[in-house]
Amino acid sequence: MQVWPGQPYPLGATYDGVGTNFAVFSESANRIELCLLAEDGTETAVELRETDAFVRHAYLPGVQPGQRYGFRVHGPYQPGLGQRHNASKLLLDPYAKAMSGHIDWDESVYGYHFGAPERRNDLDSAPHTMHSVVTNPYFDWGTDRPPRTDYHRTVLYEAHVKGLTELHPGIPEEIRGTYAGLAHPAVIEHLAKLGVTAIELMPVHQFVRDHRLRDLGLTNYWGYNTIGFFAPHSSYSSTGDRGQQVQEFKSMVKALHAAGIEVILDVVYNHTAEGNHLGPTLSFRGLDNASYYRLAKDQRFYEDTTGTGNSLLMRSPHVLQMIMDSLRYWVTEMHVDGFRFDLAATLARQFHEVDRLSSFFDLVQQDPVVSQAKLIAEPWDLGEGGYQVGNFPPLWTEWNGKYRDTVRDFWRGEPATMAEFGSRLTGSSDLYQDDGRRPIASINFVTCHDGFTLRDLVSYDGKHNEANHEDNRDGESHNRSWNCGAEGDTTDPAVLELRARQQRNFIATLMLSQGVPMLCHGDENGRTQRGNNNAYCQDSALTWVDWAAADAGLLEFTQGMIWLRRDHPVFRRRRFFHGRPVSGTHDDLTDIAWFTPSGEEMTEQDWSTSYARSLTVFLNGNAISEPDRRGGKIVDDSFLLLFNAHSEPLAFTVPADHGEAWQLVVDTSLPTLPPRGTGPRVKAGDTLRLLDRALMVLQRPA
């Protein structure tokens, strides 16, 4: 076999049409062998003799896409000094663009013997682990263009590749649960009709199904356990795992883009699937443990801010390079439109405290590719100072957990929530305004993958996680949920009617709030997980969207609310409200006003009354301060939002002096929205009766 010197950049395996260049980083290794695997599992070893700045490299003419490979790394094995090299472990390439096979959790994939963690294990892991794959970078993107939907026009839809498609009757059986299933016209039509503009996919980086869960008869369903930051997860491929997963993923992105839907990836750059000191040796640990991970003072152990066993070393230039290379690869080569960063505060924690201006954020800020993608943070982790809502730099948007908590509390009738509800409804200026950010910094959501589904939120007071085999100890216990009078399944018509109304209240509130709304997949259909609020290990009908049992009325209502939002810029302003008449709009009325149910302007005392659970909000469509794309004035209809979270029906008076003639466009006490232009008409001073726990929206033409 010919072996040429090759190049130290780019890292990973790069096919050029004739052969493949291999490059891998390790500062602490003495020797690295590249092992090419034949179909029968036999290996051809090639020593990487060329080294530049700790990168070993070689070019092999004739090595084609589909070739499986791995690395064997020779070097010191001294766990006390943080060194864990062991050439009997076939290691995955951190930069592999595809990975093949599965880990069977044989003892050989560990660096120690079971029952004797201090004893070095020299069993060969090659037959029992996954393998890296050389991929073909060529793909016909045709006329693919990123949709580049403005944040203020964005409606996010959080989804799981398998969960969304596994039970869809319109998808051919052989592609259900895959990237091809997600690209099927049946799914794209559902998303387009619903009105969502971006799909936020739960992890699709190659992840590992945990040993512990396998022994319990469970599996890692969510996928927050990455081993390959450049490789699409192979189990979601319908065509094979020798590089076909890359082509299938690209085809999915191309199909979604053609429908105007952006693709955002949920990414986990804070830890890897290798776990703590008792975890397997799969890749990073065997290549250069101390360069990739945050080690404790006793270097046998790992610092862990994520609750997952390890944390990547964010002050290592090689870790930062790997993360930035990965992000750029997914944007430039895979054409994704943005990222949601799992436990983002860990990424900023270079030493101990969450330092917002850590090198990771600086790198993103100056990167001409990554800085232009949508960047969403999940702003909490388990270390010191972990909950960081409102603390990310201006380019970033954030999952607003305070929005979720406040809206849940308001609709279940908790006392003294009204002032905070007002702030969350109008874009959370208390969190984002002081550092120059806008309402679009707030990703508003009521439910997400982690916790109850929307239907379960109104059906269960407590979690029911027995299926996870942890005696119901796992999962959040304080859910701010309310079962509406009966726990779980019931035939009581009054309870069922209230639950349906509460689901409509949550969806309507979400779509009427300033900021960027996010819907969790299946919530528009009334999806249930039977009270399980931590279904990370349930790859079954419990978590898959049951299309056959879809709530058609709720789906129609959700579609109507999303399109109402899309049609009216007053619900998706780019700037915060001023709370006063806006100069240049030639309108004497304030851009927003707050009223009691009796139609009087709210006073300080009204806001602070602990038992108050009802209010009216006036949104002035003629006082939008920001211009349109061409610098012109944005003029919209005006709206009154009437909220009654009280346990009794209430009379609401339409406020005087804010417009004479109004028409009802939303009433959550009804199962669906009135057809456009058919709602009852009311005048200023009229009284409307709102059912307990209901909201209405009145519209006045511009």
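Residues numbered from 1 in each chain as written. Predicted model: local features only at pLDDT ≥ 70, side-chain atom pairs only at ≥ 80, totals over all residues. Heavy atoms only, no water.

By the naming in an unreviewed UniProt entry, the protein goes by Glycogen operon protein and is assigned to Kitasatospora cineracea. Comment text from UniProt for the protein, heading Sequence similarities (unreviewed entry), reads "Belongs to the glycosyl hydrolase 13 family." (UniProt positions renumbered as here; feature names shortened; annotations may be inferred.)

**Q** Go over the overall build of the protein, please, and point to the residues and values.
**A** Helices and strands together make up the secondary structure of the protein, namely 16 helices and 31 strands. Relative to a compact globule of 702 residues, whose C-alpha radius of gyration would be 27 Å, the protein shows 27 Å and is just as compact. By residue count, 61% of the 702 residues in the protein fall in the buried class. Within the protein, counting contacts between residues at least 6 apart in sequence, those at least 24 apart form 72% of the total. Only carbon and sulfur atoms are counted for the fraction: they give 50% of the accessible area of the protein, which is about 25,900 Å². Distance from the positive charge centre (65 side chains) to the negative charge centre (91 side chains) of the protein: 2 Å. (Helix = DSSP H or I, 4+ residues; strand = E, 2+ residues; numbered from the N terminus. Rg over C-alpha atoms; globule rule 2.2 N^0.38 Å. Buried < 20%, exposed > 50% of the residue type's maximum accessible area, 1.4 Å probe, protein only. Contact = heavy atoms within 4.5 Å. Areas by Shrake-Rupley, 256 points an atom, 1.4 Å probe, with all protein chains shown as cover. Lys, Arg positive; Asp, Glu negative; His and termini not counted. Charge placed at Lys NZ, Arg CZ, Asp CG, Glu CD.)

**Q** Requested: an account of the state of the cysteines, with residues and values cited.
**A** Per the counting criterion, the structure on display carries zero disulfides. Cys448 takes part in no disulfide bond, and the closest cysteine sulfur to it belongs to Cys520, at a distance of 6.6 Å. A relative accessible area of 7% places Cys448 in the buried class. (Disulfide = S-S within 2.5 Å.)

**Q** Help me get a handle on the nonpolar core, residues and values and all.
**A** A general feature of soluble globular proteins is that nonpolar side chains tend to end up buried together. Ranked by internal contacts, the top residues of the largest apolar core, which has 155 residues, are Ile199 and Phe339. Top element by residues in this core is helix α7 (residues 317-332). It accounts for nine residues. Beyond its immediate sequence surroundings of up to four residues, Phe339 is in contact with Ile264, Leu265, Val267, Leu327, Trp330, Val331, Ala373, Lys374, Leu375 and Ile376. Listed in part, the 14 residues of the second largest apolar core include Ala593, Val654, Leu664 and Leu690. (Core = buried A, V, L, I, M, F, W, Y, C linked by side-chain atoms within 4.5 Å.)

**Q** Please provide a residue-by-residue account of the side chain of Thr149, values included.
**A** Locating Thr149 in the fold gives a position in the loop between β13 (131-133) and β14 (156-159). On the basis of relative accessible area, Thr149 is assigned to the buried category, the value being 16%. If sequence neighbours within four positions are ignored, Thr149 has contacts with Thr154, Thr197, Gly260, Glu262 and Lys374.

**Q** So what's going on with the pairing of β14? Which residues, and what values?
**A** Side-chain alternation along β14 places Leu156 and Glu158 on one buried face and Tyr157 and Ala159 on a second face that is also buried. In this structure, β14 lies alongside strand β23 (residues 516-520), joined through three bridges in parallel fashion. Bridge assignment links Tyr157 to a residue of β23, and that residue is Leu519. (Pairing = 2+ DSSP bridges.)

**Q** Any details on the sheet that holds strand β4 (residues 43-47)? Residues and values, ideally.
**A** Here five strands make up an open sheet; going across it, the order is β4-β3-β7-β13-β10 and the pairing antiparallel. This sheet does not close on itself; its edge strands, each paired only once, are β4 and β10 (98-100). Ignoring strand direction, the axes of neighbouring strands in this sheet form an average angle of 40°. Here three bridges tie β10 to β13, and the two strands are oriented antiparallel to one another. Along β13, the bridge assignment pairs Ser100 with His131. (Axes fitted to C-alpha atoms, helices over the stretch in contact; angles between N-to-C directions.)

**Q** Give me the packing of α7 against helix α9 (residues 359-366): which residues, what numbers.
**A** Running from amino to carboxyl end, α7 crosses α9 at an angle of 35°, the nearest separation of the two axes being 11 Å. Where α7 crosses over α9, the handedness of that crossing is right-handed. Counting all contacts with α7, which are made through Leu320, Ile323, Met324 and Leu327, the residues of α9 involved are Ser359, Phe360, Leu363 and Val364. Taken together, the residues of the contact of α7 with α9 break down into seven nonpolar, one polar and no charged. (Left-handed = near helix turned anticlockwise from the far one by under 90°. Nonpolar A, V, L, I, M, F, W, Y, C, P; charged D, E, K, R; others polar.)

**Q** Please set out helix α11 (residues 418-425) residue by residue, giving values where relevant.
**A** The buried fraction of α11 is high, at six of eight residues. Turning to α11, its buried residues number three or more, namely Met418, Phe421, Gly422, Ser423, Arg424 and Leu425. At the exit of α11 stands Gly427, carrying a positive phi of roughly 105°.

**Q** Tell me about the sheet that holds strand β2 (residues 19-25), and please be specific about residues and values.
**A** Reading across from one edge, β1-β2-β6-β5 is the order of the four strands in this open sheet, with antiparallel pairing throughout. Only two strands of the sheet have a single neighbouring strand rather than two, namely β1 (12-15) and β5 (50-52). Looking at each pair of strands side by side, their axes are set apart by 25° on average, direction ignored. Note that β1 and β2 share four bridges and pair antiparallel. Across the sheet, the residue bridging to Ala13 is Phe22, located in β2.

**Q** Can you tell me about the domain arrangement of the protein, naming the residues and giving the values?
**A** Domain annotation for the protein reports domain 1 (12-134), domain 2 (153-274 + 330-341 + 367-570) and domain 3 (576-700). Using only C-alpha atoms to locate each centre, domain 2 and domain 3 end up separated by 29 Å. Interface area for domain 2 against domain 3, summed over the two sides, is near 3,200 Å², with a carbon-plus-sulfur share of 70%. Considering only the side of domain 2, the residues that lose the most area to domain 3 are Met418, Arg501 and Val570, jointly responsible for 22% of the buried surface there. (Domains from an automatic or database assignment. Buried area = accessible area lost by both parts, 1.4 Å probe.)

**Q** So what's going on with the packing of aromatic side chains? Residues and values would help.
**A** Scanning the entire structure with this criterion turns up 39 aromatic pairs. With a centroid separation of 5.9 Å and an interplanar angle of 90°, the aromatic rings of Tyr179 and Tyr236 are classed as edge-to-face. Here the residue Tyr179 occupies a position in helix α2 (residues 179-182), and Tyr236 occupies one in the loop between β17 (226-232) and α5 (244-258), the gap between them amounting to 57 residues. Judged by relative accessible area, Tyr179 falls into the buried class, the value being 0%. Overall, Tyr236 belongs to the buried group, its relative accessible area being 2%. Site record: aromatic cluster; members linked through ring pairs are Phe25, Phe229, Tyr269, Phe284, Tyr292, Tyr293, Tyr302, Phe339, Phe341, Phe360, Phe361 and Trp396. Residue placement shows Arg120 over the ring face of Tyr77; its charged tip is 5.1 Å from the ring centre. For Arg340, the ring lying beneath its charged end belongs to Trp399, and the centroid distance is 3.9 Å. (Phe/Tyr/Trp six-rings, centres within 6.5 Å; stacked < 30°, edge-to-face > 60°. Lys NZ or Arg CZ within 6 Å of the ring centre and 35° of its normal.)

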